[in-house]
Structure formats: structure tokens, C-alpha cells
Amino acid sequence: MNRRQIFQQVSFNGEGLIPVIAQDADNGDVLMMAWMNEESLAATIAEQRAVYWSRSRRKLWRKGEQSGNTQWVREIHLDCDGDAMLLKVEQQGGIACHTGRRSCFFRKLTGERWQIAGETTGSPSESCGNGGE
């Protein structure tokens with residue numbers, strides 16, 4: 001991999017991070033948002049699985065390493081400004097959220113209230129093992 005060529009177009013923020021959206025490659029569902037740094041992006045490219053940067057633990061976080069809910073990367077996209085990424089993934093285990101839901105985006109604004117739009121499909125303690133990040 002020619003890291004220099006790949007990374008020269010990526011605009012990491014002041015903390016060396018870029019926001020990443022994980023989307024189901026088959027049906028387009030938005031699964032989650034996380035962060036990557038240069039090291040986690042390089043690992044994601046090399047391993048073809050989602051490897052994020054855990055801001056709370058200050059270390060690499062291989063999605064599914066504890067829960068088995070791995071995200072296998074099919075495509076990596078960079079937005080027009082180079083400051084946000086999209087991963088099209090194959091979500092193993094059907095759960096992306098630490099709450100045990102398929103997607104982290106399970107709250108829907110209805111009028112002036114947030115409504116729960118997604119059922120829990122797994123144990124929150126087993127789904128990510130990352131404490132919510």
C-alpha cells in the first residue's frame with residue numbers, strides 16, 4: 001500500500017482523527033459512526049475489516065474483536081472535502097451498536113420527542129465490549 005498517496009487526500013482533524021460512517025453494503029442501512037486515525041485507517045485497508053480508534057481507551061478498536069460482530073469492509077469512500085469517510089461493510093452478527101441493536105441510529109425525532117425505532121437484538125454487554133464508543 002502506498003500510504004503517502006492514500007493519506008495525502010485525507011484531512012484528519014486537529015486530534016489526528018476523521019469521522020467514519022459504517023453503512024450496510026447490501027441494504028444501505030446506516031449502522032454507526034466512529035473515528036479513525038492514520039494507524040486505524042491503514043489497518044482497515046490492510047485487513048479489510050473495520051478498525052477504529054477508541055477515543056476513550058486511546059487505542060485501536062477492531063470492531064467485533066470481543067463480540068464477534070465484525071465489520072468486513074467492501075468499499076471505502078472519502079467525501080469531497082476529505083474530512084469524512086464512509087465504509088460499506090458486511091456486518092457479521094447483525095449487531096453494530098453497543099446497546100445490542102443493529103444500528104446506533106435507533107432514536108427518531110417524532111414531533112418534539114425522541115422515539116425508539118429499533119428493537120434490541122442482542123445483549124448490550126456482549127455486542128461491542130467497548131463501553132459505548
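Report on the accompanying structure. (Residues numbered from 1 in each chain as written. Predicted model: local features only at pLDDT ≥ 70, side-chain atom pairs only at ≥ 80, totals over all residues. Heavy atoms only, no water.)

All chains considered together, the criterion is met by two aromatic pairs. Each ring, one from Phe 7 and one from Phe 12, has its centre 6.3 Å from the other, and the planes form 25°; the classification is stacked. For Phe 7, a relative accessible area of 8% corresponds to the buried category. Residue classification places Phe 12 among the partly exposed positions, given a relative accessible area of 22%. Taking 5.3 Å as the distance between ring centres and 45° as the angle between the ring planes, the aromatic pair formed by Tyr 52 and Trp 61 counts as tilted. Just as Tyr 52 is buried, Trp 61 falls in that class too. Over the aromatic face of Trp 72 sits the side chain of Arg 49, whose NZ or CZ is 5.8 Å from the ring centroid. Between the NZ or CZ atom of Arg 101 and the centre of the ring of Phe 106, over which it lies, the distance is 4.0 Å. (Phe/Tyr/Trp six-rings, centres within 6.5 Å; stacked < 30°, edge-to-face > 60°. Buried < 20%, exposed > 50% of the residue type's maximum accessible area, 1.4 Å probe, protein only. Lys NZ or Arg CZ within 6 Å of the ring centre and 35° of its normal.)

Bringing helix α2 (residues 38-47) into the picture now. If you check which residues of α2 are buried, you get Ser 40, Leu 41, Ala 42, Ala 43 and Thr 44. Each element contacted by the buried residues of α2 is listed here: α1 (3-7), β2 (30-36), β3 (51-54), β4 (59-62), β5 (71-78) and β6 (85-91). Looking at where α2 begins, the residue whose side-chain oxygen comes 3.2 Å from the main-chain nitrogen of Glu 39 is Asn 37. Gln 48, located one to two residues past α2, shows a positive phi value of around 60°. (Helix = DSSP H or I, 4+ residues; strand = E, 2+ residues; numbered from the N terminus. Contact = heavy atoms within 4.5 Å. Polar contact = N/O pair within 3.5 Å; in protein donor to acceptor, adjacent residues only side chain to side chain.)

This part takes up the nonpolar core. In summary, soluble globular proteins display a tendency toward joint burial of nonpolar side chains. By size, the foremost hydrophobic cluster in this structure holds 19 residues, and its most contacted members are Val 20, Met 32, Met 36, Tyr 52 and Leu 87. Breaking this core down by element, the ones donating at least two residues are β1 (18-24), β2, α2 and β6. Top contributing element to this core by residue count: β2, with four residues. Those residues within four positions of Met 36 in sequence are excluded, and the remaining contacts are Phe 12, Gly 16, Leu 17, Ile 18, Val 20, Leu 41, Thr 44, Val 51, Tyr 52, Trp 53 and Leu 87. Ranked by size, the runner-up nonpolar core spans six residues in total, among them Leu 17, Trp 35, Ala 43 and Trp 53. (Core = buried A, V, L, I, M, F, W, Y, C linked by side-chain atoms within 4.5 Å.)

In this section: unusual backbone geometry. Look at Gln 48: it is not a glycine, yet its phi comes out positive at around 60°. Counting through the fold element by element, Gln 48 comes out in the loop between α2 and β3. Residue classification places Gln 48 among the partly exposed residues on the basis of a relative accessible area of 35%. Of note in the backbone geometry, Arg 58 takes a positive phi value of approximately 60° without being a glycine. For Arg 58, the location among the structural elements is in the loop between β3 and β4.

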